[in-house]
Amino acid sequence: MSVSMRDLDPAFQGAGQKAGIEVWRIENFKPVPVPQASYGKFFTGDSYLILKTIALKSGALRQDIHYWLGKDTSQDEAGAAALKTVELDAALGGRAVQYREVQGHETERFLSYFKPCIIPQEGGTASGFKHVESEEHKIRMFTCQGKHVVHVKEVPFARSSLNHDDIFILDTANKIFQFNGSNSSIQERAKALEVVQHIKDTYHDGKCDIATVEDGKLMSDAETGEFWGFFGGFAPLPRKTTDDVKSAVALPTQLFRVEKGQAEPVSADTLTKELLDTNKCYLLDCGAEIYLWMGRSTSLDERKAASGAAEEYLRSQDRLKSQIIRVIENFETVSFRSKFDAWPQSAEVAVSEDGRGKVAALLKRQGVNVRGLLKAAPEKEEPQPYIDCTGNLQVWRVNGQEKILLPVPDQSKFYSGECYIFQYNYPGEDQDECLIGTWFGKKSVEEERSSATSHANKMVESLKFMASQLQVYEGSEPILFFAIFQSFLVLKGGLSDGYKTFISENELSDDTYKEDGVALFRVQGSGPENMQAIQVEPVASSLNSSYCYILHSGSSVFTWIGNLRTPEVEELVERQLDVIKPNMQAKLQKEGSESEQFWEILGGKSEYRSQKIARDAESDSHLFSCTFTKGELKVIEIYNFNQDDLMTEDIFILDCHSSIFVWVGQQVDQKLKTQALVIGEKFVKHDFLLEKLTVQTPIYIISEGSEPEFFTRFFTWDSTKSAMHGNSFQRKLSILKNGGRPTLSNKPKRRTAGAHVGRSATNEKPQRARSVSFSPERVRVRGRSPAFNALASAFENPSARNLSTPPAQVRKPYPKSDSSNVAPRSTAIASLTSTFEQPPREPLMPRSIKPRPKSPPKAESNSKENIMSSKIETLTIQEDVKENEVEDEEGLTLYPYERLITVSTDPAADIDVTKRETYLSSAEFREKFGMTKEAFYKLPKWKQNKLKMALQLF
């Protein structure tokens, strides 16, 4: 689409450069920006443009445009809004989805921007009305409909407006009444209370009483009597009139081509993308909504003409309240693509950036700042597991209908032909939390997968559904899984009766791993707390330049280093070699200089890949409400979701693409709770977002009241809300009457996993509180999981060579503080940083991990200081204080270390508290950190933060 500056309204310059909402009102057929304080305030005689900009995880910006038409707006003003929407899209590069919104028939997406609701006011500008300013309170009545977002409509203040099916709000001078129709749902009643709160805050300055009236209670209490008093006393309610009932007329889907402003039918047996010409615009009439598809090669004038044709088509059909959704070629919505057979994948990025670049160039010539228009800066963060990694792990191998508890040395050693169950008990906020999971090998048999699922379900049920659950397939493990196991080994073949029967019946060769045979392992991971060795076919084509490998054959062991590997992976080879072949010296093979013996073992040279194996990345999350009846799953997407959207009576699915979370409310039917995993599997199979989900996608089951951090991180979470008692309506009412504060229930302490597995007293861990789970800033208490330590200790031998993994530190439960006989802090930090820069040559593994000691009594000093002192052996710091402030070569004011720490008694003023270390002199920085500033800032962010925390600079 060609664009010139004269085609773009000046009001749109700079629009959509950052995430958020922008609103314009049409005045004299021109868009006029609305002040942010007035967002959500609409007048029935006006038309508005609303731009919603979302910053995606990829760093790109995505826009949705809505034009809202009040019931009293003029036809000319509505037409101007439709055309200005096309211009706004052009100013954004021509890729936004555009929605037509009619008062009283708005989309749930639009209403989600202005939670809890919008209540249009009488009046307008271009329509000739005046904005009504009421001097004294007028009694009004509203009807509320919707479980997820609320459609609020003002109705006449009369008994005849009431019915048994809806919820009504009566707004009087001193009290707001909510009347709950007997046929309304609990969820609708709860959502209506949010509207009550909105009216109270908006029209009563938060100063009025609230009462709820139940349909059918007659005059059972004073508030009910007071409510009916406004209507002259109680009388039977009329039935809902047919005019009020929304009847969706089923119309056949029909495609039209727009030619010279006219819609002409397109004859076709089935709808395919090939019917759409990039040089044309098309109408797709689906009954409830009408789509306007605009080809990438169409001009701005052609798109405006097509928009006019769509409006005229609705008028000719007498369907002025229907929705129009405009989509641009290559940026079609999921719902539009689902109307066609086998819609192909399209390359979005190249097309989108081309259009935005042209518009950005035009705007830049006009002096507009377009830095945010092309692409938002991507957030480059290392994936985190969001789980405490200091817990206890138990693993079972499934053999037929039985589960066999594995000894600790074998807990991190899985076979590809097996199924496993694991139970991980770890510290929570006020008690142990539990995660029960299943792992299915690529070659495991279906019978044992079903058996593993059945055992896991029974374990969760025995814990009263208070444990979280995870289903994992080999090759699709989430970072959380690897963080629990830390060092993970996958071997070919299997040991179970089911696997042996399967290969026997199918006359397959048994390729189960043998220690004295030929085996090739691909080493992958990001560090000692996340490393895996995966056995692959021992042939040259299995190699990849982005990885390192371990090859062994009899008494020969080789390590192969790919040219494109990262330094972290190269270090992990030594660590994994200590597990696979701890007593043997490996021969180093660098890519391009391999020995003949190496290639001979692999069966000769051949081509192999160099690109790193792609894993599904976490994408922008979507929340769905689920209904599961007679094996059929129906979902409704919840837009702009938050914690309040999770209703205790329902099941919700959070889709993050790389993982699926199934959240189960406390008041969900018990039988339906047991179907949570089935619901997750059906969601993945159906692929509602057409994002090519695989059946191997990890599925989590989360129970209300036991939400772990790896789930709550997607919300702004208030744990007191999920701990409340009662149904959704009772909870919301309690919060409303308690001044917005949740009222906690007397909820019993969560049963720990130890109670289920019979953990001995010697293994019990003291309960302790923590504010966060694993994060880059947190100094770890241990370096390895118990399973990894035991696995390695089984291979240890005093005659083995010096290895790369440092030994575990032995910590005293209550170390004495003796300032006369301690090392300076710089020594401790140098020791810590040495693990980042070069591996010390010490024995590989500790032979055992002792239970964590009970926390010593709290000192009076800062809590952060107490925590960090325990992490680094309660070392006392004795440093020289530099009295004079100086400036570095860049003009930055420098301060002594004692004035920069978080617990300083004389803190430096006017500094960036997130970068305290930058104010140290080069000499003092080297003394404290054991490295230069340049070397420090080359470290990963989490390593930087770990060092800064140890030095009390974070």
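Numbers given to residues run from 1 along each chain, matching the order in which its sequence is written. In keeping with the model being predicted, local features are shown solely for residues with a pLDDT of at least 70 and side-chain atom pairs are shown and tallied solely at 80 or more, while totals for entire chains, interfaces and linings include all residues. Note that the side-chain values use all heavy atoms of the structure and ignore hydrogens as well as water.

Draft legend 1. Geometry of the overall build of the protein chain. The helix and strand tally for the protein chain stands at 26 helices and 34 strands. Burial here depends on accessible area, computed with a 1.4 Å probe over protein chains only, as a share of the maximum for the residue type. Under 20% is buried, over 50% is exposed, and the range in between is partly exposed. Among the 954 residues that make up the protein chain, the fraction classed as buried is 50%. In what follows, residue pairs with any heavy atoms lying within 4.5 Å of each other are defined as contacts. Considering only intrachain contacts with a sequence separation of at least 6, the fraction spanning at least 24 residues in the protein chain is 68%. Helix and strand assignments come from DSSP, with helices taken as H or I runs of at least 4 residues and strands as E runs of at least 2, each series counted from the N terminus.

Draft legend 2. Molecular detail of helix α24 (residues 922-929). Taken residue by residue, α24 has E924, F925, K928 and F929 as its buried positions. Seen end-on, α24 carries its buried residues on one side only, within an arc spanning 110 degrees. The first or second residue beyond α24 is G930, which carries a positive phi of 75 degrees. When we speak of the arc, we mean the arc of directions from the helix axis to the C-beta atoms.

Draft legend 3. Spotlight on the packing of aromatic side chains. Whether two aromatic rings pair depends on their centres lying within 6.5 Å, for rings of Phe, Tyr and Trp, where Trp uses its six-membered ring; planes under 30 degrees apart make the pair stacked, over 60 edge-to-face, and the rest tilted. Taken as a whole and judged by the stated rule, the model has 61 aromatic pairs. Considering the side-chain rings of F414 and F485, the 5.5 Å spacing of their centres and the 80 degrees angle between planes classify their relative orientation as edge-to-face. Pair noted here: F414 is in strand β18 (residues 413-415) and F485 is in helix α10 (residues 479-485), with a separation of 71 residues, a long-range link. We classify F485 as buried; its relative accessible area is 0%. Ring pairing ties together the aromatic residues F157, F168, F177, F179, F227, W228, F230, F231 and F234, which thus form one cluster. Geometry around Y203 places R140 over its ring, the cationic atom sitting 4.6 Å from the centre. Think of it as a cone above the ring: NZ of Lys or CZ of Arg counts as a charge over the ring if it is within 6 Å of the ring centre and within 35 degrees of the ring normal. The aromatic ring of Y897 is capped on one face by K928, whose charged end is 4.3 Å from the ring centroid.

Draft legend 4. Just the pattern of salt bridges, in detail. Whenever Lys or Arg places a side-chain nitrogen within 4 Å of a carboxyl oxygen from Asp or Glu, that contact is recorded as a salt bridge. Tallying each qualifying case throughout the model produces 34 salt bridges. E537 serves as the salt-bridge partner of K492, at 2.9 Å between the closest nitrogen and oxygen. Highlighted residues: K492 in the loop between β22 (487-491) and α11 (497-505) and E537 in the loop between β24 (530-536) and β25 (548-553), separated in sequence by 45 residues. Through salt bridges that share partners, K115, K191, E194, D645 and K732 make up one connected network.

Draft legend 5. Structural view of the side chain of E591. Assignment of secondary structure puts E591 in the loop between β27 (587-590) and α13 (596-601). Counting rule applied: Lys, Arg positive; Asp, Glu negative; His and chain ends not counted. It turns out E591 is buried and unbridged, and the closest side chain with the opposite charge, R565, is 7.4 Å from it. Counted as a polar contact is a pair of N or O atoms within 3.5 Å, where, for protein atoms, one must be capable of donating a hydrogen and the other of accepting one, and residues adjacent in sequence contribute only when both atoms are in side chains. Only 2.7 Å separates the side chain of E591 from the side chain of S545, close enough to count as a polar contact. A polar contact of 2.7 Å, which involves the side chain of E591, links it to the backbone nitrogen of N563. In contact with E591, not counting residues within four places along its chain, are S545, W560, I561, G562, N563 and Y608.

Draft legend 6. A look at unusual backbone geometry. With an omega of 5 degrees, the peptide bond running from K115 to P116 counts as cis. Turning to its location among the elements, P116 is positioned in the loop between α2 (108-112) and β6 (140-145). Its identity is not glycine, yet N28 carries a phi of approximately 55 degrees, on the positive side. Assessed through its relative accessible area of 66%, N28 is described here as exposed.

Draft legend 7. Summary view of empty space enclosed by the protein. Only protein atoms enter the 1 Å grid, on which a cavity is a set of points fitting a 1.4 Å probe that cannot get out and a pocket is an open set with protein on both sides within 12 Å along at least 5 of 7 lines, lining residues being those with an atom within 4 Å of a point. Grid points are joined across faces, edges and corners, and a volume is the space filled by probe spheres set on the points. All chains considered together, the criterion is met by five cavities of 30 Å³ or more. Quantified by volume, the largest cavity comes out at close to 220 Å³. Every residue lining the largest cavity is counted, 16 residues in all, and those nearest its centre are Q643, D644, L646, K721 and R731. Among the elements of the structure, α17 (719-722) and α18 (728-737) are those that each provide at least two residues to the lining of the largest cavity. No other element matches the four residues that α18 contributes to the lining of the largest cavity. Space inside the second largest cavity adds up to approximately 140 Å³. Along the walls of the second largest cavity sit 14 residues, with V460, F465, Q469, K673 and I701 positioned nearest its centre. Taken together, the elements giving at least two residues each to the lining of the second largest cavity come down to α9 (446-462), β21 (468-473), α15 (676-686) and β32 (699-703). In terms of residue count, the dominant contributor to the lining of the second largest cavity is α9 (three residues). Taken together, the residues of the lining of the second largest cavity break down into seven nonpolar, five polar and two charged. Following the grouping adopted for this structure description, the nonpolar residues are Ala, Val, Leu, Ile, Met, Phe, Trp, Tyr, Cys and Pro, the charged ones are Asp, Glu, Lys and Arg, and the polar ones are all others, Gly among them.

Draft legend 8. Layout of the packing of helix α3 (residues 186-203) against α18. For every element, the axis is a line fit to its C-alpha atoms; helices are fit only across the contacting stretch, and the angle between N-to-C directions ranges from 0 to 180 degrees. Contact pair α3 / α18: the axes reach a minimum separation of 7 Å and the direction vectors enclose 20 degrees. For the element pair α3 / α18, the angle class is roughly parallel. Crossing hand, α3 versus α18: left-handed. Taking contact as the criterion, the partners of I186, R189, A190, L193, E194, V196 and Q197 in α3 are, on α18, S728, F729, K732, L733 and L736. Orientation categories follow fixed angle ranges, with anything under 35 degrees roughly parallel, anything over 145 roughly antiparallel, 65 to 115 roughly perpendicular, and all other angles oblique. By the definition used in this description, the sense in which the near helix is turned from the far one sets the handedness, with an anticlockwise turn below a right angle giving left-handed and a clockwise turn giving right-handed.

Draft legend 9. Local environment of the pairing of strand β4 (residues 61-69). The buried fraction of β4 is high, at eight of nine residues. Taken together, the nine bridges between strand β3 (residues 47-55) and β4 define a ladder with antiparallel strand orientation. Residue K52 lies in a different strand from β4, and its bridge partner there is D64. Pairing between strands requires that DSSP locate at least two bridges from one strand to the other. If you look at the hairpin formed by β3 and β4, you'll find five residues sitting between the two strands, and G59 has a positive phi there, around 100 degrees. Sheet topology note: the β4/strand β5 (residues 97-102) ladder contains six bridges and is parallel. Bridging from a neighbouring strand, Y67 pairs with R100 of β5. Taken together, β4, helix α1 (residues 75-91) and β5 form a β-α-β motif whose crossover is right-handed. Every crossover in which the path from the first strand over the helix to the second runs clockwise, viewed with the strands pointing away from the viewer, is termed right-handed.

Draft legend 10. Expanded view of the packing of α1 against helix α5 (residues 300-317). Closest axis-to-axis distance for the α1/α5 pair is 10 Å, and the angle between their directions is 145 degrees. Between α1 and α5 lies a crossing whose hand is right-handed. Side by side, α1 and α5 meet where Q75, A82, L83, V86, E87, D89 and A90 of the first sit next to L300, R303, K304, S307, E311 and R315 of the second. Residues belonging to the contact of α1 with α5 are distributed by class as follows: five nonpolar, two polar and six charged.

Draft legend 11. Fine view of the sheet that holds strand β2 (residues 30-33). Judged by pairing direction, the sheet is mixed, and its 10 strands sit side by side in the order β2-β1-β3-β4-β5-β15-β14-β13-β11-β12 without closing on themselves. Of all strands in the sheet, those with a lone pairing partner are β2 and β12 (262-265), marking the two edges. Within this sheet the neighbouring strands show an average axis-to-axis angle of 25 degrees, counted without direction. Where β5 lies against strand β15 (residues 323-328), two bridges are found, and the strand directions are antiparallel. Looking at β15, one finds that Y99 is bridged to I325. Across the sheet, α5 lies against β4, β5, β11 (254-259), β13 (281-285), β14 (289-294) and β15, angled at about 165 degrees from β14, the strand it touches most.

Draft legend 12. Spotlight on helix α26 (residues 941-950). Of all 10 residues in α26, nine are buried; the element is thus mostly enclosed. For α26, every residue scored as buried is listed here: W942, K943, Q944, N945, K946, L947, K948, M949 and A950. A positive phi of about 60 degrees marks Q952, the residue just after α26.

Functional significance is not addressed by these values, which are geometric in nature.
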